[in-house]
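If you want the building blocks of each chain, they are given just below.
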Amino acid sequence: MTLRTPDSAPADFDNDQAPPPAPSTTAEDMVFHELCPTADVEEGVGKPFSIDGNHLAVYRYEDGFYACDNRCPHMGYPLSEGSVRDGVLICHWHHWEFDLKTGGCFLTNGDDVASFPIDVRDDVLFVGIPKGAKSAARQRLVDRGKRALEQGLKDRSTFLIAKAVTALRESGATPQEIIQHGLFYGAHKTSDGWSSGVAILTLCGNLWDDIDPADHNLFLVHGLTQIANRTSGSSRRQRFPFPRTSADPDLVTLKRWFRRYIDLRDRGAAERILLTLHDRGEPVSVLSDFVFTAATDFYFTGDGHALDFANKMFEGLDYVGWEGAHEILRPIIVDLVSRTRHEETSRWQDAVPVLAPVLDRIEEIWDANQAAPEETLDVSAFTKIMLGDDFEPIVEQIEQKLRAGVSPLALCRAMTYAGAVRTVRFHLKNEGDWHDVANIYSYAHGLYRAFQRAPSAQLLRGLFHGAVFTTYMRWLNMPSARVPREGQRLLGEESFDSPKQMLDRLQEFADFQKVAEAEILVNQYLEEGHDIAPLRHTLAHIMLREDAELHMFQILEAAFRHYELSSDPEEKRIHMLAATRYITAQKVMKNILWSTENAERLQRGELLSDRDDDD
Ligand code: FES
């Protein structure tokens, strides 16, 4: 792929956007509809109408009649049930106030309500609806959604974000547009590295087809809410590519400089080099190679997050067509320069003397691998090797396999399978260490994706780093949790009339964190050969209805993708059980679900002010 360069102008989040133009009110643009006799509208009492799909509130005030959209732009309460005081229309739910004549909102950040002209003909009221009102209303919805999204992000309001997402999706905005908006904001409005919010938004794009369409808005709201929580509202300091001259440095020089400035933790210099590559229109493979090389120049940088997030960044950019790349590329530099380099930690002091000589001959290993005819790997058998207690023989075997022509992708698959085994064997007694088990699983999948994108000798180092980390994590399986046995069923041999009933039961188990029961049920579902898509939907829904954190999303992606890659029923089973175990074991809240459900109800025209439990 070739990069877009220069970028199309990004959204400017630093300036308040102008409100949408008011609908035209010239008589030629209007179609007037009869409403009722003037006598039917009492002074100060709103009267609702529904005309050609438009919901209106009509008021008599002093000597005139006025009409506006009946749905309060805050949360949809009927404005016909409000009141008018001194020409100010007051919504009776949360008391937003509007100029009755123009619809202008008195709240600084409140949306205006659309107003419509009224004509009185022989004591009968007529309301003017603009021609093409439906498309104008749709455009207003898009504009309002974009403004509300930015406001929600600035205010860190999940409900405003959910309202915006719902409105944008309803008005036809694509997930790519919404995700691009979020990625750009998330990169621009912080000085930090690649955050969990932008990673979740990228995962939203990656997993879009794996989740129930009814959960799509909820997924977007998750990512955007986390972005809001991790941005400050002030912009990242500006940086620019190098000037273009006839003496531009070549790629070898730029890569050497890039690695040196990352080594020196000089963030500004490294950012400028990355922006220069983008500005020069270098292919994605070149940018990937620079970033993946820097991410593996040190031992398992940031518990593998530097490489994992670098891969997510490229996936996100691909998903949004590289729009806004000059900004979205920048945060990863922070991850490369500031995260822990494990050769500097005491924990890795045993591993460094073992790994250093292997990494010194990495080019030679790579050349041997590329020259050898490709040899297939027994993924299952090698996974058992990777789960060994001592990293030294594992490192040796990886080198042997590479020299024999085994693809790095196959070794990544074995490492990911090992991550899944670590997860299903992770005992609940280790309560606080879920992140560690997630890191190896997610890292191995990220490395697999990185090899698909930009394989290189330098990237091979990531395999050795991951192998050592997998060994260090062996204590996570002490004691080792039981994995459901073949043919194992729930206590009492609970029976089900349909696969759907099984999945409903799975959600109940998740509600009460009945992890073992959930695993046994999923095991049964897989053994009985039911459709995998509804199971995926259910696992994703269980996660999305909670205020899930990044690792839950990562586990789901690794499990789903590696389930597809394998033709071995046992490997497939373990990946799906790993997802089940991780998702059902977490204790979280449901605020994002409630906000999104409320926003969707509003979009459908339901009243939040109505009680659900009314008789
Ligand atoms: S102020 Fe009208 S719905 Fe909240």
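Residues numbered from 1 in each chain as written. Predicted model: local features only at pLDDT ≥ 70, side-chain atom pairs only at ≥ 80, totals over all residues.

**Details of the overall build of the protein chain**
Consideration 1: Counting its secondary structure elements, the protein chain contains 24 helices and 10 strands.
Consideration 2: C-alpha extents for the protein chain along the principal axes are approximately 95 × 80 × 40 Å.
Consideration 3: Put simply, the protein chain has 615 residues, and 46% of those count as buried. (Helix = DSSP H or I, 4+ residues; strand = E, 2+ residues; numbered from the N terminus. Buried ≥ 20, exposed ≤ 12 C-beta atoms within 10 Å, placed from the backbone.)

**Observations concerning the sheet that holds strand β9 (residues 118–121)**
Sheet strands line up and pair through hydrogen bonds in the backbone, either parallel or antiparallel.
Consideration 1: Read from one edge of the open sheet, 3 strands run β1-β10-β9, paired in antiparallel fashion. A single partner strand is all that each edge strand has here, and the edge strands are β1 (30–37) and β9. Neighbour-to-neighbour, the strand axes of the sheet open up by a mean angle of 30°, direction not taken into account.
Consideration 2: Relative to strand β10 (residues 124–130), β9 is paired through 4 bridges, and the arrangement is antiparallel. Bridging across to β10, Val 120 finds its partner in Leu 125. (Pairing = 2+ DSSP bridges. Axes fitted to C-alpha atoms, helices over the stretch in contact; angles between N-to-C directions.)

**Remarks on the pairing of strand β3 (residues 54–61)**
Consideration 1: In this sheet, β3 lies alongside strand β2 (residues 47–51) in antiparallel orientation, the contact comprising 5 bridges. Residue Ser 50 lies in a different strand from β3, and its bridge partner there is His 55.
Consideration 2: Bridging between β3 and strand β4 (residues 64–69) involves 6 bridges; their strand directions are antiparallel. Along β4, the bridge assignment pairs Ala 57 with Cys 68.
Consideration 3: A loop of 2 residues connects β3 with β4, the two strands running antiparallel in sequence, and Glu 62 in this loop sits at a positive phi of about 50°.

**Observations regarding the packing of helix α4 (residues 196–206) against helix α22 (residues 550–565)**
Consideration 1: Put simply, α4 and α22 touch, their axes get as near as 10 Å, and they point 30° apart. Comparing the axis directions of α4 and α22 gives the class roughly parallel. α22 is crossed by α4, and the crossing has left-handed handedness. Together, Ser 196, Ala 199, Ile 200, Leu 203 and Asn 206 of α4 and Leu 550, Phe 553 and Glu 557 of α22 make up the contact between the two elements.
Consideration 2: By residue class, the composition of the contact of α4 with α22 is 5 nonpolar, 2 polar and 1 charged. (Parallel < 35°, antiparallel > 145°, perpendicular 65-115°, else oblique. Left-handed = near helix turned anticlockwise from the far one by under 90°. Contact = placed C-beta atoms within 7 Å. Nonpolar A, V, L, I, M, F, W, Y, C, P; charged D, E, K, R; others polar.)

**Side note on the pairing of β10**
Consideration 1: Burial runs high along β10: 5 of the 7 residues are buried.
Consideration 2: Pairing geometry for β1 and β10, over 7 bridges, is antiparallel. Note that in β10 the partner of Cys 36 across the bridge is Leu 125.
Consideration 3: The antiparallel hairpin formed by β9 and β10 contains 2 residues in its connecting segment, where Asp 122 sits at a positive phi of about 50°.

**Examining the environment of Ser 407**
Consideration 1: Summarising the element assignment, Ser 407 is placed in the loop between α15 (391–403) and α16 (408–424).
Consideration 2: Sequence-wise, Ser 407 and Gln 370 are 37 residues apart; in three dimensions their C-alpha atoms are separated by 8.9 Å.

**Considerations on the domain arrangement of the protein chain**
Quite often, the size of an interface is put as the accessible area lost when its parts meet.
Consideration 1: Parsing the protein chain into structural domains produces domain 1 (27–131), domain 2 (136–229), domain 3 (350–477) and domain 4 (499–593).
Consideration 2: The centre of domain 1, based on its C-alpha atoms, is set 31 Å off from the matching centre of domain 2. (Domains from an automatic or database assignment.)

**Examining α4**
Consideration 1: Of all 11 residues making up α4, 11 are buried, and the element is well covered by its neighbours.
Consideration 2: Listed in full, the buried residues belonging to α4 are Ser 196, Gly 197, Val 198, Ala 199, Ile 200, Leu 201, Thr 202, Leu 203, Cys 204, Gly 205 and Asn 206.
Consideration 3: Where α4 is buried, its residues touch α3 (175–188), α5 (216–229), α9 (305–319) and α22.

**Some points on the nonpolar core**
Grouped burial of nonpolar side chains is what soluble globular proteins tend to show.
Consideration 1: Ile 161, Ala 310, Ala 467, Ile 555, Leu 556, Ala 559 and Ala 578 are the most contacted members of the largest nonpolar core, which totals 148 residues.
Consideration 2: Counting residues per element, this core draws most heavily on helix α17 (residues 434–453), which supplies 11 residues.
Consideration 3: Met 30, Leu 35, Cys 72 and Leu 100 belong to the second-largest nonpolar core, a separate cluster that totals 25 residues. (Core = buried A, V, L, I, M, F, W, Y, C linked by C-beta atoms within 7 Å.)

**Overview of the sheet that holds β2**
Consideration 1: Strands sit in the order β2-β3-β4-β8 across an open sheet of 4 strands; the sheet is antiparallel. Two strands in the sheet have a free side with no partner beyond their single neighbour: β2 and β8 (115–116).

**Section: the environment of Thr 225**
Consideration 1: Within the secondary structure, Thr 225 is located in helix α5.
Consideration 2: Assessed through the 27 C-beta atoms surrounding it within 10 Å, Thr 225 is described here as buried.
Consideration 3: Taking the C-alpha atoms as reference points, Thr 225 and Asp 69, separated by 156 residues in sequence, lie 29 Å from one another.
Consideration 4: Leave out the neighbours within four places in its chain, and Thr 225 touches Thr 158, Ile 161 and Ile 592.

**Thoughts on the packing of helix α21 (residues 532–544) against helix α23 (residues 569–585)**
The description of two packed helices rests on the angle between their axes and on the distance between the axes.
Consideration 1: In the contact formed by α21 and α23, the axes pass within 9 Å of each other and the chain directions differ by 25°. Judged on the interaxial angle alone, α23 and α21 are roughly parallel. Where α21 crosses over α23, the two elements pack in a sense that is left-handed. Where α21 abuts α23, its residues Leu 539, Ile 542 and Met 543 lie against Ala 579, Thr 580, Ile 583 and Thr 584.
Consideration 2: Of the residues assigned to the contact of α21 with α23, the class counts are 5 nonpolar, 2 polar and no charged.

**Examining unusual backbone geometry**
Consideration 1: Unusually for a residue other than glycine, Arg 265 sits at a positive phi of about 60°.
Consideration 2: Within the element layout of this structure, Arg 265 appears in the loop between α6 (251–263) and α7 (267–279).
Consideration 3: Its 11 C-beta neighbours within 10 Å are what place Arg 265 among the exposed residues.

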